[in-house]
Each structure stands twice: as C-alpha cells, then as structure tokens.
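Take a look at the letters that make up each chain.
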Amino acid sequence: MPILRPFEEKDQNQAMKLFYQLTGTATILDAAELLADQAVECIVIEEDGIVAGFASLIKYYLPTGGKVGKIEDVIVDENFRGKGLGRKLIEELVKIAKENNLKKLQLTSSPSRVAARELYKSVGFEMKDTNVFVMNL
Ligand SMILES: CC(C)(COP(=O)(O)OP(=O)(O)OC[C@H]1O[C@@H](n2cnc3c(N)ncnc32)[C@H](O)[C@@H]1OP(=O)(O)O)[C@@H](O)C(=O)NCCC(=O)NCCS
C-alpha cells in the first residue's frame, strides 16, 4: 500500500534523485530551507519503503484573486509509474489546497509531458490559453 506523507528532512537525498529524473540536471536541495518556508507544502509517496514520488503546493496571495496555489515539481520515479502514485499525489495536493481555503490552483506543464497533462486533465484541471513569461534570476 502506498503511503502519502509530508516531505521530511530525511528524504533529501531521495528527493534529489527524483528531481534529477524531473529536470535532467543535478539539483542541490536544501531540505531544511525548503521545510522552513511556510508557503510551500511538500508531500511524498512511499512504496515498499522507498520514496517513489514527490509533489509540492505553493500557497500565495494574489492581489486580485485572494489565496491561490500553484502545483510544482511533480515527479514519480520511473520504476513506479503507471500505478496510480502520481494521481494520489495530485489528489492529495488538491485536498490540502481545499483545507487551506485556496480559491484556485494553477500549474504549467510543457506539451512534451504527455502523461502529466493527461493526469492533470483527468483530475479536473482545464488548459488555459495564457502565455507564460519567465525570467530566471
Ligand atoms: C506525470 C507522472 C507524475 C504521472 O505519474 P504516474 O504515477 O505514472 O501516474 P498514474 O499512474 O497515477 O496515472 C494517472 C493518470 O496519468 C495519465 N498517464 C499516466 N501515464 C501515462 C502515459 N504513459 N501516457 C498517457 N497518460 C498517462 C493517465 O491519465 C493516468 O490515469 P489512468 O491510469 O486512469 O489512465 C509521471 O509520469 C512522471 O513523473 N513523469 C515525469 C515527470 C513529469 O512530467 N512531471 C510533471 C511535470 S509538469
């Protein structure tokens, strides 16, 4: 049975392995700093005692829209895909968002992420035709 739980400092190394699968580059994760940020809720899913997936919810206050959230960094280990873990992660973040009285959830996902886009649609996300501008700082 998969176990959903909050991300903890002890998950740091496993999370970095997952992030490598997500981004294709090495990520240095400072778990203590991440956990200290009250605006970020990070969850993991364990299967057979292994941290097999990670997802996060960023909560923020939009001047025109009130409390909203953004889902970021969703990843399931390639050895554990297709078993419903990704769906469980997203459904849990939606539940947390509702518990936090967030009015809206957003996320971005590039067209190449076919599985992710199908997952988001099947959970109830609608694709909006908004153009995203990004500046790396
Ligand atoms: C997206 C991802 C998290 C899904 O995790 P998963 O545990 O394999 O997904 P699930 O088994 O819970 O499947 C949930 C739904 O996703 C969709 N899906 C999953 N795998 C799919 C695939 N290979 N092709 C198309 N749709 C797929 C389906 O809608 C599926 O629902 P169904 O089983 O009822 O058909 C995983 O594929 C992943 O980590 N991908 C690489 C990282 C990534 O793209 N992250 C998202 C960044 S925006």
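Refer to the preceding data block for the structure.
Numbering of residues starts from 1 in every chain and runs along the sequence as written. Local features in this predicted model are restricted to residues of pLDDT 70 or higher, and side-chain atom pairs are both shown and tallied only at a pLDDT of 80 or more, whereas totals for entire chains, interfaces and linings draw on every residue. Only heavy atoms go into the side-chain values, all of them from the structure, while hydrogens and water stay out.

Draft legend 1. Examining the overall build of the chain more closely. Tallying secondary structure elements over the chain gives 4 helices and 5 strands in all. The order of helices and strands in the chain, counted from the N terminus, is β-α-α-β-β-β-α-β-α. All radius of gyration figures rest on C-alpha atoms, and the globule criterion is 2.2 Å times the number of residues raised to 0.38. For the chain, the C-alpha radius of gyration of 15 Å lies close to 14 Å, the compact-globule estimate for 137 residues. Projecting the C-alpha coordinates of the chain onto the three principal axes gives extents of approximately 45 × 30 × 30 Å. Positive: Lys, Arg. Negative: Asp, Glu. His and the chain ends are not part of the count. Just so you know, the charge point we use is NZ for Lys, CZ for Arg, CG for Asp and CD for Glu. Looking at charge distribution, the chain has the averaged site of its 18 positive side-chain charges lying 6 Å from that of its 20 negative ones. For the purposes of this entry, the term helix denotes a DSSP run of H or I that reaches at least four residues, the term strand denotes a run of E that reaches at least two, and both are numbered from the N terminus.

Draft legend 2. Here's a closer look at the packing of helix H3 (residues 85–99) against helix H4 (residues 114–123). Lines fitted to C-alpha atoms define the axes here, with helix axes fitted over just the stretch in contact, and angles between the N-to-C directions of these axes take values from 0 to 180 degrees. Two numbers describe how H3 lies on H4: the axes approach to 10 Å, and their chain directions differ by 45°. Judged by the inter-axis angle, H3 sits oblique to H4. In this structure, the crossing between H3 and H4 has a hand that is right-handed. Facing H3, whose interface residues are Gly86, Arg87, Ile90 and Val94, H4 presents Leu119, Tyr120, Ser122 and Val123. A breakdown of the residues in the contact of H3 with H4 according to their chemical character gives 5 nonpolar, 2 polar and 1 charged. For classification purposes, an angle smaller than 35 degrees is called roughly parallel, one larger than 145 roughly antiparallel, one from 65 to 115 roughly perpendicular, and anything else oblique. Each crossing gets its handedness from the near helix: less than a right angle anticlockwise from the far helix is left-handed, clockwise is right-handed. Throughout, a contact is declared for two residues whenever any of their heavy atoms are within 4.5 Å. Any residue that is not Ala, Val, Leu, Ile, Met, Phe, Trp, Tyr, Cys, Pro, Asp, Glu, Lys or Arg is counted as polar, Gly included; the first ten are nonpolar and the last four charged.

Draft legend 3. Geometry of the nonpolar core. For our purposes a nonpolar core is just a set of buried Ala, Val, Leu, Ile, Met, Phe, Trp, Tyr and Cys residues, chained together by side-chain atoms within 4.5 Å. Whether a residue is buried, partly exposed or exposed follows from its accessible area with a 1.4 Å probe, protein chains only, as a fraction of its type maximum: under 20%, in between, or over 50%, in that order. By size, the foremost hydrophobic cluster in this structure holds 21 residues, and its most contacted members are Leu57, Ile71, Ile90, Leu93 and Leu105. Here this core takes 7 residues from H3, the largest share from any one element. If we ignore the near neighbours within four places in the chain, the residues touching leucine 57 are Ala39, Val40, Glu41, Gly69, Lys70, Ile71, Leu93, Ile96, Ala97, Leu102 and Leu105. Core analysis: the second largest hydrophobic core is formed by 14 residues, Leu18, Leu22, Val40 and Ile75 among them.

Draft legend 4. Spotlight on the site of the ligand. With respect to spatial proximity, 19 residues lie near the ligand, and among them Val74, Gly82, Gly84, Gly86 and Arg87 are the closest. Polar contacts, as used here, are pairs of N or O atoms within 3.5 Å; protein pairs need one atom able to donate a hydrogen and one able to accept it. Residues neighboring in sequence count only if both atoms are side-chain atoms. One of the backbone N or O atoms of valine 76 is found 2.9 Å from an oxygen atom in the ligand. Here lysine 83 contributes a backbone N or O atom positioned 3.2 Å from an oxygen atom of the ligand. Elements with a contribution of two residues or more to the shell around the ligand: strand E4 (66–76), H3 and H4. Residues are classed as near a molecule or strand on a simple rule: at least one heavy atom within 4 Å of it.

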